[in-house]
Structure formats: C-alpha cells, structure tokens
Amino acid sequence: MVLLNNVLGGNALNSRLNLAMRERRGMAYNVESSYTAYSDTGLFNVYFGTDKENLNKAVALVHKEFDLLRDKKMGAVQLSRAKKQLVGQIAISNESREDLMLTIGKSYMLFDKVDSLQVIFKKIEAITAEDIQEVANMVLDKNQMSTLIYK
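Residues numbered from 1 in each chain as written. Predicted model: local features only at pLDDT ≥ 70, side-chain atom pairs only at ≥ 80, totals over all residues. Heavy atoms only, no water.

**Structural notes on the overall build of the protein chain**
Moving on, step 1. Helices and strands together make up the secondary structure of the protein chain, namely seven helices and two strands.
Moving on, step 2. Shown N-terminal to C-terminal, the secondary structure of the protein chain runs as helices and strands in the order α-α-β-β-α-α-α-α-α.
Moving on, step 3. Here the protein chain has a C-alpha radius of gyration of 16 Å; the compact-globule value for 151 residues is 15 Å, and the two agree.
Moving on, step 4. Counting every position in the protein chain, which comprises 151 residues, the buried fraction comes to 29%.
Moving on, step 5. A fraction of 61% describes how many contacts in the protein chain between residues 6 or more apart in sequence connect residues 24 or more apart.
Moving on, step 6. Only carbon and sulfur atoms are counted for the fraction: they give 54% of the accessible area of the protein chain, which is about 10,100 Å². (Helix = DSSP H or I, 4+ residues; strand = E, 2+ residues; numbered from the N terminus. Rg over C-alpha atoms; globule rule 2.2 N^0.38 Å. Buried < 20%, exposed > 50% of the residue type's maximum accessible area, 1.4 Å probe, protein only. Contact = heavy atoms within 4.5 Å. Areas by Shrake-Rupley, 256 points an atom, 1.4 Å probe, with all protein chains shown as cover.)

**Quick notes on the packing of aromatic side chains**
Moving on, step 1. Per the stated rule, a full pass over the model turns up zero aromatic pairs.
Moving on, step 2. Cation over ring: R22 sits above Y29, and NZ or CZ is 4.5 Å from the ring centre. (Phe/Tyr/Trp six-rings, centres within 6.5 Å; stacked < 30°, edge-to-face > 60°. Lys NZ or Arg CZ within 6 Å of the ring centre and 35° of its normal.)

**Points about helix α4 (residues 76-93)**
Moving on, step 1. For α4, with 18 residues, the first-to-last C-alpha span of 26 Å sits near the 26 Å given by 1.5 Å per residue.
Moving on, step 2. When α4 is considered as a whole, its buried residues turn out to be L79, A82, K83, L86 and I90. An end-on view of α4 places all buried positions within 100° of arc, on one side of the element. The exposed set on the far side of α4, more than 90 degrees from its buried face, consists of V77, R81, K84 and I92. (Expected span 1.5 Å × (residues − 1). Arc of directions from axis to C-beta.)

**A look at the pairing of strand β1 (residues 28-37)**
Regular strands have side chains that alternate between both faces of the sheet.
Moving on, step 1. In terms of strand pairing, β1 meets strand β2 (residues 42-50) through eight bridges, oriented antiparallel. Bridge pairing links Y35 to F44 in β2.
Moving on, step 2. Taken together, β1 and the strand that follows it, β2, pair antiparallel across an intervening segment of four residues. (Pairing = 2+ DSSP bridges.)

**Side note on the side chain of R70**
Moving on, step 1. Here R70 is to be found in helix α3 (residues 55-71).
Moving on, step 2. For R70, a relative accessible area of 12% translates into the label buried.

**Remarks on the pattern of salt bridges**
Moving on, step 1. The full count for this structure, using the stated rule, is seven salt bridges.
Moving on, step 2. Here K73 ties to E130 by a salt bridge, and the two come within 2.9 Å at their closest N and O atoms. Placement of the pair is K73 in the loop between α3 and α4 and E130 in helix α7 (residues 129-139), with a sequence separation of 57 residues.
Moving on, step 3. In this structure, K123 engages D115 in a salt bridge whose closest nitrogen and oxygen atoms are separated by 2.6 Å.
Moving on, step 4. Through salt bridges with shared partners, a single network forms among D67, R70 and K142. (Salt bridge = Lys/Arg side-chain N within 4 Å of Asp/Glu carboxyl O.)

**Some words on the packing of helix α2 (residues 16-23) against α3**
Moving on, step 1. Axis separation between α2 and α3 bottoms out at 10 Å; the angle between their running directions is 150°. In terms of orientation, α2 and α3 fall into the roughly antiparallel class. Relative to α3, the crossing made by α2 is right-handed. Across the interface between the two elements, R16, L17, A20 and M21 of α2 pack against A58, L61, V62, E65, L68 and L69 of α3.
Moving on, step 2. Of the residues in the contact of α2 with α3, the class split is eight nonpolar, no polar and two charged. (Axes fitted to C-alpha atoms, helices over the stretch in contact; angles between N-to-C directions. Parallel < 35°, antiparallel > 145°, perpendicular 65-115°, else oblique. Left-handed = near helix turned anticlockwise from the far one by under 90°. Nonpolar A, V, L, I, M, F, W, Y, C, P; charged D, E, K, R; others polar.)

Structure below.
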C-alpha cells in the first residue's frame, strides 16, 4: 500500500497525479495522496486544490489514474524505479532520529515488532506488479470511496 501510494501521489514530484494534474495540465499547484495504517484498518486519501472551473476535470483525472492502476499492471521499469525511490525515501527518513523513533513506535504498535531496514528493503524488492494491481483493486474500488469537496 505504501508503494502504491507513493506511485499515485506520494511525496515526490514524479507521482502519477502530480505529473498528470500539475505538470501536464496545470490544474493544481499541489496534489498528493497519503496512507496511514492503523492496527485494524487504514486511511487513504487524495488531496488537491484547483479552481472551480477545473474541479470536475480534476476529479475525473484522479479517477482515471485510479482506473489505470486497477486495470493495467505497472511496467517493469516503472515498478523498479518506484521501488528504488521508496527505498531512498525510507533511508533518508531514517537519518532523522525523530522520524526513526516515530517509525519504530508505529511499527511496534501496529505489528508488535520492528523490522530492520534490510528486511524492509527486501520486502519492497519482493513486491510485484500483480501485488500493486491487487491492492489497487481493493483500495481504489469506486463503490468503497467517498468524496469531500470544499467550495
């Protein structure tokens, strides 16, 4: 789920939503997705700010990216790049002692264990395009989504 989120709208400028909505179409200055795990559930959301005249197009574009992730497997090159980017982000975040302690605390609370970076990196490397597509089909199910729009 973390890798899927990173590909879709994670904290890098090369995310699918950022490229499609901001870079190619100029519809939003900021677009991002986020995922928060809990012990028994989780929260996934997409956020963007846009002008009123772009709202429907922007929402449709988000759903188009959802559809692509559900219906089409990621290519080997894109998946490899996504994995390397996530590994790099995790490595950098672990340089901050505060981030490291928060990560350890969350892991212990959620999973009752803390994996080493090497174990985490091996788990990321083991993710397949089929895994991403399976998670996308569970999480990005239109029948399970809600939408909140502030005007």
